[in-house]
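The lines below spell out each chain.
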Amino acid sequence: MAPAQIGRCRIELVEGDITLEATDAIVNAANSRLAGGGGVDGAIHAAGGPEIMRELAEKYDGCPTGSAVITGGGRLKAEFVIHAVGPRYSGSPKDAELLADAYRESLKLCTSHALRSVSVCAISTGIYGYPMDAAARVAVRAVVEFLRGGSTLELVRFVLFDSRAYASFESALRAEIAF
């Protein structure tokens, strides 16, 4: 899919490994204890090294669902890691609000740190059980709405772990910006 343009920011979709991204920051699907875990969280901590966990422990005492915090990138190519906490899927309308908040708070951190590029994963779609199609719609809408309000960002890249996730995000992006 060709990139979408919102103001001066390009939105891209790629299938790949977020730990290999060389954008200014990557967004991690963290847990509220910021304690590391499985899935993308475990992969980011493994690739980035112990300095990320050390910084989390020194600076933060957890992170509420729907929020995000930032650390250095350790051994990653990205300079920063934004640790966003999405909801465990319950089917409640509150789930979508909290998921959108996690994306918005991540982008706010990018803006407050004057970052130009960020790679984002599909938050809450792994062990937190958020259905991929629904999560994609929430994520894309939150990002597009945020970018329409202005930002330092020039690139938001959704890095999706498989073709199914890619297809869900592609469909959501096409619907949101009416290609």
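Residues numbered from 1 in each chain as written. Predicted model: local features only at pLDDT ≥ 70, side-chain atom pairs only at ≥ 80, totals over all residues. Heavy atoms only, no water.

Colleague: Just to check I follow, could you spell out the overall build of the chain for this structure?
Modeller: Looking only at helices and strands, the chain features five helices and seven strands. Its C-alpha radius of gyration of 15 Å places the chain within 12% of the 16 Å reference for a compact globule of 179 residues. Expressed as a percentage of its 179 residues, the buried residues of the chain come to 53%. In the chain, the share of contacts with a sequence separation of at least 24, taken over all contacts with a separation of at least 6, comes to 70%. When the accessible surface of the chain is summed, it comes to about 8,000 Å², and 50% of that surface belongs to carbon and sulfur atoms. Looking at charge distribution, the chain has the averaged site of its 18 positive side-chain charges lying 2 Å from that of its 21 negative ones. (Helix = DSSP H or I, 4+ residues; strand = E, 2+ residues; numbered from the N terminus. Rg over C-alpha atoms; globule rule 2.2 N^0.38 Å. Buried < 20%, exposed > 50% of the residue type's maximum accessible area, 1.4 Å probe, protein only. Contact = heavy atoms within 4.5 Å. Areas by Shrake-Rupley, 256 points an atom, 1.4 Å probe, with all protein chains shown as cover. Lys, Arg positive; Asp, Glu negative; His and termini not counted. Charge placed at Lys NZ, Arg CZ, Asp CG, Glu CD.)

Colleague: Looking at this model, I keep getting lost on unusual backbone geometry. Mind explaining?
Modeller: In this structure, L34 takes a positive phi of about 55° despite not being glycine. Along the chain, the position of L34 falls in the loop between β3 (25-30) and α1 (39-48). Here S124, not a glycine, exhibits a phi torsion of approximately 75°, which is positive. On the secondary structure map, S124 appears in the loop between β6 (117-120) and α4 (132-148). Judged by relative accessible area, S124 falls into the buried class, the value being 5%.

Colleague: What am I meant to see in the pattern of salt bridges here?
Modeller: Should their charged atoms come close, side chains of opposite charge can pair. The final tally for this structure, using the stated rule, is 11 salt bridges. Its salt-bridge partner being R10, residue E12 comes within 2.8 Å of it at the nearest N-O pair. The exposure class assigned to E12 is buried, which follows from its relative accessible area of 15%. For R10, a relative accessible area of 32% corresponds to the partly exposed category. The shortest N-O distance in the salt bridge between K94 and E97 comes to 3.9 Å. With K94 and E97 both in helix α3 (residues 93-112) and three residues apart, the pair spans about one turn of that helix. Counted as one network, the salt bridges with shared partners bring together R10, E12, E21 and R157. (Salt bridge = Lys/Arg side-chain N within 4 Å of Asp/Glu carboxyl O.)

Colleague: Help me understand the packing of α3 against α4 in this model?
Modeller: Angle between the axes and distance between the axes are the two parameters that describe a pair of packed helices. Relative orientation of the contacting elements α3 and α4 amounts to 40°, with a least axis distance of 9 Å. Accordingly, the angle class assigned to the pair α3 and α4 is oblique. In this structure, α3 crosses over α4, and the sense of that crossing is right-handed. Every residue of α4 that contacts α3 at A96, L99, A100, Y103, R104, L107, K108 and T111 is listed here: A135, V138, A139, A142, V143, E145 and F146. In terms of residue class, the contact of α3 with α4 is made up of 11 nonpolar, one polar and three charged. (Axes fitted to C-alpha atoms, helices over the stretch in contact; angles between N-to-C directions. Parallel < 35°, antiparallel > 145°, perpendicular 65-115°, else oblique. Left-handed = near helix turned anticlockwise from the far one by under 90°. Nonpolar A, V, L, I, M, F, W, Y, C, P; charged D, E, K, R; others polar.)

Colleague: Sorry, what's going on with the packing of aromatic side chains here?
Modeller: How two aromatic rings sit relative to each other is given by the distance of their centres and the angle of their planes. Enumeration according to the criterion identifies three aromatic pairs in this entry. Arranged with centres 5.1 Å apart and planes meeting at 45°, the rings of F158 and F169 form a pair that is tilted. Of this pair, F158 sits in strand β7 (residues 155-160) while F169 sits in helix α5 (residues 163-177), and the two are 11 residues apart along the sequence. You'll find F158 and F169 in the same group, each marked buried. Of the aromatic side chains, those joined through ring pairs into one cluster are Y103, F158 and F169. (Phe/Tyr/Trp six-rings, centres within 6.5 Å; stacked < 30°, edge-to-face > 60°.)

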